[in-house]
Every structure is written in C-alpha cells, then in structure tokens.
Amino acid sequence: MRYQPIDNKLFIENRKDLIKGLRPNSIVIIHANDIYPTNGDGVMPFKQNSELFYLTGIDQEETILVLAPGFPDPKMRELLFLRETNELIAIWEGHKLTKEEGTKTSGIKNIKWTQEFEQILHTLLAECDHIYLPSNEHIRSSSKVETSNDRFIKWCMDRYPLFNYERLSPLLYKQRMIKSDIEVELLEHACHITEIGFRRVLEVVEPGVWEYEVEAEYAHTFISNRSKGFAYTPIIAGGGNSCVLHYIENNQQLRDGDLLLMDVGAEYANYNADMTRTIPVNGKFTKRQKQVYEAVLRVKNMATELLTPGNSIPRYHKEIGEIMTGELIDLGLIDKTDVKNQDKNNPAYRKYFMHGTSHHLGLDVHDVGSVYREFAPGMVFTVEPGIYIPQENIGIRIEDNILITKEGTKNLMRNIPIHADEIEDLMNRK
Ligand code: GLY
Ligand code: MN
Ligand code: MN
C-alpha cells in the first residue's frame, strides 16, 4: 500500500463494536470486492469493499473475514482468509500479504488461506443460528453489477437454506456514521493532500490553460503524496461548464473573465476528501461574480452552524432552503412573488440551487448512513451549497468537510483558501 500503516486499533475496535449488536450464535461473513473487468482481459484498479476494510484494514483481493463471536473455541471466533501466493503470482503480480502481515494489519490472530474457507465455514456453522451478510443498501446505489458478496449470499442460501439470514448493512451503516479519532485523522490527511493540490492549481490557472491541465496538476500532487489519486472523477469546469452539475469531460480551454469550478478531492488510505472551490480564471472576480460568491459562502457558513447534534438532514435542508431563498432574492434572481407562489415540493430557490447541501463522508464519498438519523458528534458531513446562473455564465459551489463534535463543528478543510480576497492574492503572486 502507498499509505502509511494504520494503527490496527481502528479495526480491532470496529469489530468489537460490531459484535455487540449481533444476536447470540451468529456468524458474520464479508468478502473482498472482485477486481472488476474493463474489456478483453483488462481490469479496473482494485477497490476494496468498504465494510471489509473498515473491519480489517486489508486492502487485498480474495480476502474473507469471518466473525463467530459465540463459537466455543476462542481461536475460531475471528478468522481472516487471505489469498495464498505462489511463484507465478509473485512473478506476475508481486508481493501478497503473508499471514504475519495479515495479523499485523488487522489485529486478527488466526489467519487462513482462502482455499480453506468452505471447510472451516461448515465447521463454524454447526454452532451458529444466524448468518449476517453484507449487501449494498446505499439509497443512491443503482448498480446492476453482481458483487462478490451478492454472489456469496446466493451460494450460502442455496447451500445452507435452513439458517436464519440477517442484514449486516443496518448495523455497519449505523456504526460507520460515527467516525473514530483515527478515521478523522485519515480524513484530515486526505483534506490536507487536497489542499496541496489546490494551492498548486492557484499558481497555474490563467486564461488559455486547459481544464485537463488543471486536472493533471491535482493528479500529480495527489499521487506524489501517497494517494491512489482522485476520490471521485473530478469536475474541472470553466465558464458555462460550471453550471453543469456532473461535468467531467474537463476538455475545454479556460477563458479570461470566466470562473473555474473545481469539485475535486484526494483519497488517502481509502478515506476521501470532497472539496469544491470556485476561482476566477484571470485571478480577479468581477463585481457580480464576487457578489454571488459571497452569497454562496454565507450560505455555507450558516449551513455549517446548523450541523448541530439533534438536527437531521430533512430539517437541515429545509432551513438551508430558506437561507438560500433570502440570498437569491438579494441577488435579484427570484422575487417575493415567486416565493409566495412557489410549489412547496419544488421551491423557487431550486431554479438556481438544485442539489442537496450535505452528505456523510468517509470510506465512501457519499458515505453510508440514514438521512433520518439525528446529527451526532463523530459524524462527518460535506457542506456544499451552490448557485448556478447559466444565463450569466456563473456557476459557484463551495464545499468543505465538517466534523461534528460535542463542542461544535470542526472544519477539516479549514486550511484550504476560501475567501475571495485570499484566492485572488494567491493567484496574483506569480
Ligand atoms: N463530489 C461529489 C459531491 O460533491 O457530492
Ligand atoms: Mn464534491
Ligand atoms: Mn460532496
């Protein structure tokens, strides 16, 4: 792995917390993600299953975690199955984890090779009644691809039809919403790498530069800092492209007088930063651009203050809608009559701000967790309001990553330049 070793206390504690919520005589089985194909014999870069990583720290394919906390023999209560290497694998793919490395990474003492899994599972199941399996229950997921865990669910239910099957996701999603100190440090590090990229970009952007050249600056910075690269496909959107919410072509030339919206974040150790900054291509905001910029920044700051324990996403989004409505009236984009006549299900502000303000952030960029769960210390959210005015070629979004603590919020991106003056100063230093 590129990243520095993670204290395995994180994974040991995560497993400890998970088993507290299991029914007696239970077993948990989680498989690593498959390596996904492209075309022919091509493959995508490996991306570990978030749940498996969360509970083991193992970043290798063909890994299986088995937890059977009530099993009579204590040695068999926690098992990690790893892919056994051989000469051929060593020559073609390089190093695979040894059993000792598996233990060091995960804190699991009993490591087996993957080919022993079925026989050991059979032995363990003799003492179990409930089988907990993970499925992708992310509310935004629409994937039709069968995962390794989906495949195992089918196999297991076919082979062992008389057991009681349980959903693991509700337990893990609830747990993953609250970040531990180690996780917060990893997220902060991803934010820090993102900051280095943004500062570099501020020195490079000027009229005539291409969007993909800006993307390349981020890629270079992220990878040079032990990141695998982008946490998600970056949006590097100049001029009118800044109003296209999911613009990822990044193939246009930046023009004098235009804005550049960049929604880009680094991953680090599978944790993700999710930043958006909007800057003037020529280093100076126009009066109107600055007016809209300040409005978005005010909404972002006010939204951050609403991330208080006890609040929840539905109420929070309603409150932000009201704040945004006020700003859009002040900007002359909507008027009081529009607001008076608005459809409650499609308020007037949505014409210029048509996406949500916050989502959980963690091992997944749109991290798991119920939107109805009250905000609580340890949760990390993005805050990302925007105003998009295609007729003025203005699209502005500002996005920070915020930790909720008992004492208030902590901005994990507090060091990333955000004020219009600071951005202009940094851009004009060259
Ligand atoms: N970059 C994805 C998002 O902001 O939600
Ligand atoms: Mn984003
Ligand atoms: Mn986001």
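Scroll up a little and you will see the structure.
Since the model is a prediction, treat every value here as computed from it, not as a measurement.

Conventions adopted
- Residues numbered from 1 in each chain as written.
- Chains lettered and ligands numbered in written order.
- Predicted model: local features only at pLDDT ≥ 70, side-chain atom pairs only at ≥ 80, totals over all residues.
- Heavy atoms only, no water.
- Near = heavy atom within 4 Å.
- Polar contact = N/O pair within 3.5 Å; in protein donor to acceptor, adjacent residues only side chain to side chain.
- Areas by Shrake-Rupley, 256 points an atom, 1.4 Å probe, with all protein chains shown as cover.
- Nonpolar A, V, L, I, M, F, W, Y, C, P; charged D, E, K, R; others polar.
- Pairing = 2+ DSSP bridges.
- Helix = DSSP H or I, 4+ residues; strand = E, 2+ residues; numbered from the N terminus.
- Axes fitted to C-alpha atoms, helices over the stretch in contact; angles between N-to-C directions.
- Contact = heavy atoms within 4.5 Å.
- Donors = N, O, S within 2.8 Å, 3.2 Å for Na, K, Ca; no water.
- Buried < 20%, exposed > 50% of the residue type's maximum accessible area, 1.4 Å probe, protein only.
- Salt bridge = Lys/Arg side-chain N within 4 Å of Asp/Glu carboxyl O.
- 1 Å grid on protein atoms, 1.4 Å probe; cavity = no way out; pocket = protein on both sides within 12 Å on 5 of 7 lines; lining within 4 Å.
- Points joined across faces, edges and corners; volume = space filled by probe spheres on them.
- Tetrahedral: all angles 85-135°; square planar, octahedral: opposite > 155°, others 65-115°.
- Parallel < 35°, antiparallel > 145°, perpendicular 65-115°, else oblique.
- Left-handed = near helix turned anticlockwise from the far one by under 90°.

Undergrad: What is the right way to look at the site of ligand 1 in this model?
TA: As a structural note, the neighbourhood of ligand 1 is formed by Y232, D263, D274, H359, H366, E384 and E399. A distance of 3.0 Å separates an oxygen atom of ligand 1 from a polar atom in the side chain of H359. Side-chain polar atom of H366 to an oxygen atom of ligand 1: 2.7 Å apart, as the coordinates give it. Protein chains shield 83% of the accessible area of ligand 1, which is 200 Å² for the free molecule. Broken down by class, the residue content of the shell around ligand 1 amounts to one nonpolar, two polar and four charged.

Undergrad: How do you make sense of the sheet that holds strand β8 (residues 259-264) when you look at a structure like this?
TA: To summarise the sheet geometry, strands pair through backbone hydrogen bonds and adopt either a parallel or an antiparallel arrangement. Read across the sheet, three strands follow the order β7-β8-β11 without closing on themselves; strand pairing throughout is antiparallel. Only two strands of the sheet have a single neighbouring strand rather than two, namely β7 (235-238) and β11 (275-280). Strand-to-strand twist in this sheet, taken as the mean axis angle between neighbours without regard to direction, amounts to 10°. The pairing of β7 with β8 spans four bridges and is antiparallel. Residue pairing across strands places I236 opposite M262, the latter belonging to β8. Running at roughly 10° to β11, helix α8 (residues 181-204) makes contact with β8 and β11 of the sheet. Across the face of the sheet, helix α9 (residues 211-224) comes into contact with β7, β8 and β11 while running at roughly 150° to β7.

Undergrad: Quick question: what am I supposed to make of the coordination of the manganese ion (ligand 2) here?
TA: Geometry sets the ideal angles at a metal, namely 109.5 degrees for four tetrahedral donors and 90 or 180 degrees for six octahedral donors. Binding of the manganese ion (ligand 2) to the protein goes through D263 (OD), D263 (OD), D274 (OD) and E399 (OE), at separations of 2.0 to 2.6 Å. Motif for the manganese ion (ligand 2), donor spacing along one chain: D-x10-D-x124-E. The metal-metal distance between the manganese ion (ligand 2) and the manganese ion (ligand 3) comes to 3.3 Å, with D274 coordinating both. Taken as a pair, D263 in strand β8 and D274 in the loop between β10 (271-272) and β11 lie far apart in primary sequence, eleven residues in all. Taken individually, D263 and D274 each receive the classification buried, so the pair is uniform in this respect.

Undergrad: What's the story with the pattern of salt bridges in this structure? I'm lost.
TA: Where side chains of opposite charge bring their charged atoms close, a pairing between them can arise. Enumeration according to the criterion identifies 31 salt bridges in this entry. Its salt-bridge partner being K290, residue D421 comes within 3.0 Å of it at the nearest N-O pair. Of this pair, D421 sits in helix α13 (residues 420-427) while K290 sits in helix α10 (residues 287-305), and the two are 131 residues apart along the sequence. Residues E319 and R315 are paired through a salt bridge, measuring 3.7 Å at the closest nitrogen-oxygen approach. On the criterion of helical spacing, the pair formed by E319 and R315 is a turn pair, its members being four residues apart in helix α11 (residues 313-330). Among the residues examined, E319 registers a relative accessible area of 23% and is labelled partly exposed. The network of salt bridges with common partners includes E51, R176, K179, D364 and D367.

Undergrad: What am I meant to see in the layout of surface pockets here?
TA: Where empty space is left can be seen by rolling a probe of water-molecule size over the atoms. Here the second largest pocket defines a volume of roughly 870 Å³. What lines the second largest pocket is a set of 28 residues, among which M1, Y3, D59, Q60 and L97 lie closest to the centre. Looking at the lining of the second largest pocket, the element that brings in the most residues is helix α4 (residues 99-106), giving three residues. Within the lining of the second largest pocket, the residues separate by chemical class into twelve nonpolar, six polar and ten charged.

Undergrad: How should the pairing of strand β3 (residues 78-82) be read in this particular structure?
TA: On a regular strand, one side chain projects to one face of the sheet and the next to the other, so that they alternate. Burial within β3 is extensive, with four of its five residues counted as buried. Where strand β2 (residues 64-67) meets β3, four bridges bridge the pair, whose relative direction is antiparallel. The partner of L67 across the bridge, within β3, is E78. In this structure, β3 lies alongside strand β4 (residues 110-113), joined through four bridges in parallel fashion. The partner of F81 across the bridge, within β4, is K112.

Undergrad: Explain the coordination of the manganese ion (ligand 3) here, please?
TA: Taken together, the protein ligands of the manganese ion (ligand 3) are D274 (OD), H359 (NE2), E384 (OE) and E399 (OE), with distances of 2.1 to 2.2 Å. Coordination at the manganese ion (ligand 3) is irregular, judged from the six donor atoms that bind it and the angles of 51 to 157° they form at the metal. What makes H359 buried here is its relative accessible area of 8%. Taking the relative accessible area as the measure of exposure, E399 reaches 0% and is therefore buried.

Undergrad: Teacher, can you tell me more about the packing of helix α5 (residues 117-125) against helix α6 (residues 148-159) here?
TA: Geometrically, a packed helix pair is captured by the angle between its two axes and the distance between the axes. At their nearest, the axes of α5 and α6 sit 13 Å apart, and the two run at 50° to each other. The angle between the axes of α5 and α6 places the two elements in the oblique class. The handedness of the crossing between α5 and α6 comes out as right-handed. Where α5 abuts α6, its residues F117, E118, L121 and H122 lie against F152, W155 and R159. Looking at the contact of α5 with α6 residue by residue, the classes come out as four nonpolar, one polar and two charged.

Undergrad: Honestly, the sheet that holds strand β16 (residues 408-411) in this entry has me stumped. Any pointers?
TA: Taken together, three strands build an open sheet; the order of strands is β12-β15-β16 and the sheet is antiparallel. Where the open sheet ends on each side, the last strands, each with one partner, are β12 (380-383) and β16. Each strand axis lies, on average, 35° off the axis of its neighbour in the sheet, ignoring direction. When β12 meets strand β15 (residues 400-405), the two strands line up antiparallel, connected through four bridges. The residue of β15 that forms the bridge with V380 is L403.

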